[in-house]
Every structure is written in structure tokens, then in C-alpha cells.
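Chain by chain, the residues run as shown.
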Amino acid sequence: MKERKLGRGVAMVGAGMSTFGAFAGISTRDLLADAYRDMIATVDRGFDPNEIDGLYIGNFSSELFEGQGHTAPIMTEWLGLAHRPATRVENACASGGTALRQGVMAIASGLYDVVLVGGIEKMSDLPIERATDALATAGDKLFEIPSGFTFPAFYATMASAYLDRYGLGAEVLRAVAVKNHENGALNPKAHFGQRIADVMASKKAAAAKKGKPVPQWKDIEEFFADDRANPMIAWPLRLFDCSPVSDGAACVLLVREDLALQFTDTPIRIIGTGQASDGALHGRPDITTVTSARIAAGEAYAMAHVTPEEISLAEVHDCFTIAEIVATEDIGFFEAGKGGVAAIDGVTSRLGARPVNTSGGLKSKGHPVGASGVAQAVEIWKQLRQEAGPRGIGANARLGLTHNVGGTGQTSVVHIFERR
Amino acid sequence: MAITTATYAENITAHKLVGSRTGIDRPIHVPPRPIDPLHVADTMELVELSGKGTLVSFSVVPVASSEMIAAGYGRENPHCVGIVKLAEGPSISAQIVGVDTKDPASIRIGMPMTVEYLDRSAGETTITVVAFRPVL
């Protein structure tokens with residue numbers, strides 16, 4: 001692994017996000033304005049917007065989702081940051097993480113001192129078939145999609161291979177869904193912030209209210225296996241294995257490290273960044289791991305001079321339950337084949353030894369694709385500053401990691417954060 | 001003729017599965033690509049493949065793309081999609097036919113497969129796509 005270095009240190013001095021959800025009539029501009037206001041309130045000593053030298057905005061597909069291109073400059077006007085250079089960054093679902101990396105590089109290069117990194121997506125206006133088609137453009141239109149792949153089908157194909165390889169069943173997938181909904185229930189900004197047990201109770205109550213037969217699930221296992229309550233999307237993945245189609249935005253304020261104390265006593269330093277690419281899923285020798293994520297994580301760890309064992313918590317790209325299992329192996333938390341069992345054993349739960357997706361993850365918090373990579377950094381900010389409220393993991397949290405994947409791993413971006 | 005992104009589909013329409021390589025001792029790339037990763041030669045030649053392989057993995061898809069819905073698939077008639085490792089080494093994406101999509105657990109990773117060419121309705125036209133069927 002080639003060890004790379006940042007030319008200058010970079011620190012995060014503010015972080016905020018909109019509520020994630022489905023909001024009719026609300027555009028990406030409105031969502032980013034919400035996130036920006038939320039971020040401003042987190043900068044302990046305040047800042048002058050004129051200090052912002054430039055913007056990087058992660059956005060997958062506003063053309064398809066809301067008929068709007070050229071989204072970065074549009075945001076500058078709306079946020080009152082006129083004439084600042086603004087660049088949209090597109091790497092499918094890793095657009096946000098890649099925008100963060102561009103912001104880090106812009107400061108590390110010496111060009112800018114203060115950068116606003118945003119992530120935006122407005123997905124809920126499209127009917128589900130068109131949203132499915134829009135998401136599928138992250139795959140290879142010529143060599144994968146004609147076979148009948150949808151986006152869930154890609155991850156389902158990875159899941160089939162993973163479960164077959166390690167002799168596991170859907171129980172490992174279920175464990176991730178249950179855990180992330182437990183965490184999301186403690187996140188007031190989550191799209192589906194309900195525990196699975198609460199989802200079951202509310203479905204029973206709704207059926208009773210309508211005078212329909214009340215479902216008689218004995219336990220969560222029976223609920224998950226119910227084709228009506230939890231329909232198959234792409235075998236073996238069901239509805240509750242999939243992250244939702246969400247609207248949302250997130251943003252963070254980055255500054256060169258030696259200015260950070262002007263903004264706050266508790267900056268969060270970005271000490272590692274890694275990124276890698278890959279081709280179509282079928283071209284990879286092993287589809288039970290994401291090679292680009294392993295390379296990106298390796299680069300980030302090498303730059304940060306830390307090991308996976310030292311990381312206090314990780315926000316990983318759980319667009320599907322299987323994706324979290326593979327991610328926790330790719331970032332070195334667990335050996336290959338052990339990530340699912342770790343979820344069952346509670347190791348990755350909020351109070352476990354290796355907390356993963358304390359925000360609720362993409363699964364429960366929601367997945368407005370361009371925003372997700374930036375929202376991961378917002379959670380790390382809250383956790384490392386002990387501002388995560390009831391979902392906080394405690395005062396010892398010092399190092400956080402984000403893992404953001406585009407497509408099935410055509411892009412992976414990993415960042416490592418430190419509170420000193 | 002130079003290899004372009006259209007080469008793969010054009011050959012499938014002619015019921016041929018092709019890859020590319022720079023020489024007899026070099027790996028085959030499927031779909032065919034124009035540039036060798038190691039730049040061992042300037043030009044790549046097309047190679048016709050046997051169409052034999054094994055199933056690497058798969059999914060059965062009740063929530064289909066609009067393209068597949070237009071071709072008659074969907075919740076009531078889910079299709080199977082998968083990755084097949086060819087006898088020559090590389091793997092490709094393909095529709096999987098001749099399997100029981102009502103019982104996905106009956107579909108086995110590692111099944112030997114053979115190529116088939118499927119004419120799929122796409123609005124007013126028909127496109128030919130590559131598919132694989134288990135060898136019984």
C-alpha cells in the first residue's frame with residue numbers, strides 16, 4: 001500500500017443535516033438550506049459566510065430525480081454564497097463521500113482555507129419504477145442492466161454468494177436490520193426511525209382499526225418471513241433488507257487545521273482519506289467482498305497511522321443489510337465471513353465492542369444517495385463530540401470511520417476522523 | 001474492426017458470445033475491451049467463447065426494471081438474473097432461464113450452464129440478450 005499524505009491538516013468545525021424522509025414539494029435547495037442552518041448552529045464560535053472559499057456538493061442524479069442539472073452553482077445562490085466556486089461531485093451513492101474527499105484535498109493543497117462540503121438528493125417524487133431505473137444507472141447500462149439487474153438485485157446476488165459461501169441464512173441479514181432500526185429510533189432525523197417491534201405493533205394496530213384480520217406474528221422472524229408485510233424485492237433480499245428512497249441533505253464545514261481553534265475548542269480532525277474504483281460486479285474474482293473498499297480503507301488507515309482495532313465507531317454504507325456485513329469485513333473490523341455473526345452477537349450494536357451505524361445507517365436513517373456520505377461524517381462529528389444524545393457511545397470515543405460506496409463498489413471512499 | 005462498446009451486443013444479436021485478448025497466452029476479457037490492462041500490445045483480437053460455464057451467484061427479481069416489465073416480467077412473473085463464470089475464465093452478467101423462479105432455493109450456485117440467446121420485446125422492437133440455462 002502506497003502511503004499518501006495530506007499537504008496540510010484538515011479539520012471539521014461544523015456539521016449538520018436536514019431531517020431525512022419523503023417530502024412532497026421540497027427540493028434539494030430547501031433540503032440543503034435546512035442542513036446549512038443546522039450546521040451553522042454547530043460552529044461553536046460562529047463564522048462569517050464570506051470566509052467560505054469554495055463548495056463541493058455530492059449529488060447523484062438530480063437530472064433524473066428532479067429534472068435539474070448544474071446543481072452546485074444553484075446551491076451557492078440559495079445559501080447566500082454568491083460567486084463562490086462550487087463543484088458538483090458525482091460518484092453514484094458515494095457522491096457525498098467523494099465530495100468530502102474533494103474538500104479535504106482542496107484545503108490540503110493550500111488552495112482554500114475554508115470549504116463547505118454538501119450532499120443532496122431528492123428522490124421521492126418519482127414513481128418507484130422510475131426511481132428503480134434511476135438508481136440502476138449506477139450499474140453498467142451496456143453490460144449489466146440488459147441482463148435484468150436492478151440495484152437491489154446486484155446486492156442480492158452478492159448476498160446469495162455470501163450466504164452460500166459461509167453456510168448462513170437470512171438471520172444474519174435480519175440482525176443488521178433490527179440493529180439499525182434500534183439505532184434509528186434514537187435519531188430524530190431518521191426517515192424510518194422505528195424499532196422493528198414498533199413497526200409490527202403499528203401494523204397490527206392499523207389492521208385492527210380498519211377491521212382487517214390482525215397479523216399474528218409470533219416474533220420478528222415470522223414478521224420478516226411474511227410476504228405481505230415484508231415482500232421480496234430481489235431474492236434473498238426483502239423490503240426490510242433495503243434502505244428507503246429518501247430526500248435529504250447534509251453538510252460539513254472544513255478548515256485548515258491550524259485555523260480550527262478559531263471556530264471551536266473541539267474540532268474533529270480528518271486524518272485519513274482513501275478512495276478506489278472497480279468495474280462491473282461480474283468482473284470481480286470474489287463478490288463476497290468489495291475490493292475497492294478494502295483498498296480505500298487500507299489507504300485511509302495508512303495515512304492516519306491507526307489500525308482497525310483502534311476505531312471507536314464506524315458509519316458504513318448499509319444500502320442493503322448484506323452491504324453492512326461485507327463492509328464491516330472490508331474495513332477490517334472482522335475476518336471474512338464473520339461480519340454477519342458479529343451483528344447477531346451484538347458486537348456491532350450501539351453498546352457493543354465495535355459500534356456500527358449508530359445513526360441508524362442508510363437502512364433506518366434513510367438514503368438520499370448524494371447526501372449519505374456527508375451525513376455519515378455528521379454522525380461521527382456528533383459521536384466524537386459527545387453530542388449524540390441518547391444514542392451516544394460515550395466519552396472514550398476518539399476515532400471514527402466512514403465508509404461510503406458507489407454502485408456495488410465501482411467507487412469506495414473511506415475517511416478516518418479524530419478528536420484529540 | 002476496432003472493438004467498441006457496441007461489439008458485445010452486435011455479436012450477441014448474431015448469436016455469438018465474444019471476448020477480447022492481445023494474444024493466445026493472454027487473459028480473455030468479456031465483454032471485449034479495446035485496451036489491455038498491461039499494454040502488452042496495441043491491438044486486441046476478438047475471441048469466440050464456448051458458451052459453457054457455471055453459476056457464480058444469482059437473484060430472483062419480483063420488483064423489476066421498466067425494461068423487464070415491458071418484456072413481461074414483474075411481481076407475477078419474476079425473472080432470474082445472475083453471474084456466470086465461463087469455461088474460458090472470465091465471468092459475465094446474464095439472465096438465467098430454465099430455473100424455477102417461484103422457488104429460488106431450488107437454484108444452485110455452481111450449476112453447470114450453457115448459453116442461449118433470448119429475443120426480448122422492447123417496445124416496438126426486439127433486442128437479443130444473452131441468457132444461460134442449467135445443463136440438466
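Thresholds, definitions, all that
Residues numbered from 1 in each chain as written. Chains lettered and ligands numbered in written order. Predicted model: local features only at pLDDT ≥ 70, side-chain atom pairs only at ≥ 80, totals over all residues. Helix = DSSP H or I, 4+ residues; strand = E, 2+ residues; numbered from the N terminus. Rg over C-alpha atoms; globule rule 2.2 N^0.38 Å. Contact = placed C-beta atoms within 7 Å. Pairing = 2+ DSSP bridges. Axes fitted to C-alpha atoms, helices over the stretch in contact; angles between N-to-C directions. Buried ≥ 20, exposed ≤ 12 C-beta atoms within 10 Å, placed from the backbone. Nonpolar A, V, L, I, M, F, W, Y, C, P; charged D, E, K, R; others polar. Parallel < 35°, antiparallel > 145°, perpendicular 65-115°, else oblique. Domains from an automatic or database assignment.

Chemist: Even after reading the chapter, I still don't get the overall build of chain A, so can you show me in this structure?
Modeler: From N to C terminus, chain A includes 14 helices and 11 strands. On C-alpha atoms alone, chain A measures out to a radius of gyration of 20 Å, which is about the 22 Å that the 2.2 N^0.38 rule sets for 420 residues. Along the longest, intermediate and shortest principal axes, the C-alpha atoms of chain A span 60 × 45 × 45 Å. Put simply, 76% of the contacts in chain A that link residues at least 6 apart link residues at least 24 apart.

Chemist: Whenever I open this one, the sheet that holds strand β8 (residues 268-277) of chain A confuses me. Can you help?
Modeler: What links the strands of a sheet is backbone hydrogen bonding, and the strands pair in either a parallel or an antiparallel sense. Residue and element names in this part refer to chain A. The strand order across the open sheet formed by 9 strands is β3-β2-β4-β7-β1-β8-β11-β10-β9, and the pairing between neighbours is mixed. Single-partner strands in this sheet number two, and they are β3 (86-89) and β9 (313-315). Within this sheet the neighbouring strands show an average axis-to-axis angle of 25°, counted without direction. Bridge count for β9 against strand β10 (residues 399-406) is 3 bridges, and the pairing is parallel. Within β10, the residue paired with Ala314 across the bridge is Leu401. Running over the sheet, helix α1 (residues 28-40) touches β1 (10-17), β4 (114-122) and β7 (247-256) and is turned about 45° from β7.

Chemist: Which parts of the structure should I look at to understand unusual backbone geometry?
Modeler: If a residue is not glycine, its phi is most likely negative; likewise, a peptide bond is most likely trans. A cis geometry characterises the amide bond from Trp235 of chain A onward to Pro236 of chain A, with omega recorded as 5°. A cis amide bond, omega -10°, links Val30 of chain B with the succeeding residue Pro31 of chain B. Within the secondary structure, Pro31 of chain B is located in the loop between β1 (18-21) and β2 (45-48). In this structure, His305 of chain A takes a positive phi of about 55° despite not being glycine. Summarising the element assignment, His305 of chain A is placed in the loop between α10 (291-304) and β9. Positioned with a positive phi, His15 of chain B is a non-glycine residue whose angle comes to about 60°. You can see His15 of chain B is positioned in the loop between α1 (7-13) and β1. We classify His15 of chain B as exposed; it has 12 C-beta atoms within 10 Å.

Chemist: Mind showing me how you'd approach the interface of chain A and chain B here?
Modeler: Many authors give the size of an interface as the accessible area that is lost as the parts come together. The interface of chain A with chain B comprises 28 residues on the first partner and 28 residues on the second. Ranked by the residues each element gives to the side of chain A that touches chain B, the list is headed by helix α6 (residues 151-166) of chain A, at 7 residues. Its residues assigned to classes, the side of chain A that touches chain B comprises 16 nonpolar, 8 polar and 4 charged.

Chemist: Is there a simple way to explain the environment of Gly370 of chain A in this structure?
Modeler: Within the fold, Gly370 of chain A resides in helix α14 (residues 369-384). Those residues within four positions of Gly370 of chain A in sequence are excluded, and the remaining contacts are Gly58, Asn59, Phe60, Ser95, Gly96, Gly119, Ile120 and Glu121 of chain A.

Chemist: Just to check I follow, could you spell out the packing of helix α4 (residues 95-108) of chain A against α14 of chain A for this structure?
Modeler: The description of two helices packed together rests on the angle between their axes and the distance between the axes. Residues and elements named next belong to chain A. The N-to-C vectors of α4 and α14 enclose an angle of 55°; their axes lie 5 Å apart at closest approach. Put simply, α4 runs oblique to α14. For the pair formed by α4 and α14, the contact residues are Ser95, Gly96, Gly97, Ala99 and Leu100 on the first element and Val369, Gly370, Ala371, Ser372, Gly373, Val374 and Ala377 on the second. Among the residues making up the contact of α4 with α14, the classes are represented as 6 nonpolar, 6 polar and no charged.

Chemist: Honestly, the domain arrangement of chain B in this entry has me stumped. Any pointers?
Modeler: All names here are of chain B. According to the domain assignment, chain B consists of domain 1 (7-48) and domain 2 (52-134). Between the C-alpha centres of domain 1 and domain 2 there is a distance of 23 Å. Taken together, the contact pairs 9 residues of domain 1 with 10 residues of domain 2. A breakdown of the residues in the side of domain 1 that touches domain 2 according to their chemical character gives 5 nonpolar, 4 polar and no charged.

Chemist: When you look at the sheet that holds strand β4 (residues 79-86) of chain B in this model, what are you seeing that I'm missing?
Modeler: Reading around the circumference, β3-β4-β5-β7-β6 (chain B) is the order of the 5 strands in this closed barrel, with mixed pairing throughout. Sheet twist, expressed as the average angle between the axes of neighbouring strands with direction ignored, equals 40°.

Chemist: Before we go on, may I ask you to explain the environment of Gly80 of chain A in this structure?
Modeler: Residues and elements named next belong to chain A. Relative to the elements of secondary structure, Gly80 occurs in the loop between α3 (71-78) and β3. Judged by the 9 C-beta atoms lying within 10 Å of it, Gly80 is exposed. Each C-alpha atom, one on Gly80 and one on Gly148, is 44 Å from the other, the two residues being 68 residues apart in sequence.

Chemist: Just to check I follow, could you spell out the pairing of β4 of chain A for this structure?
Modeler: Successive residues of a regular strand alternate their side chains across the two faces of the sheet. Residues and elements named next belong to chain A. Along β4, 9 of the 9 residues are buried, which leaves the element largely enclosed by surrounding structure. Of the two faces of β4, the one carrying Val114, Leu116, Gly118, Ile120 and Lys122 and the one carrying Val115, Val117, Gly119 and Glu121 are both buried. Relative to β4, strand β2 (residues 54-58) runs parallel, the two being bridged by 5 bridges. If you follow Tyr56 over to β4, its bridge partner there is Val117.

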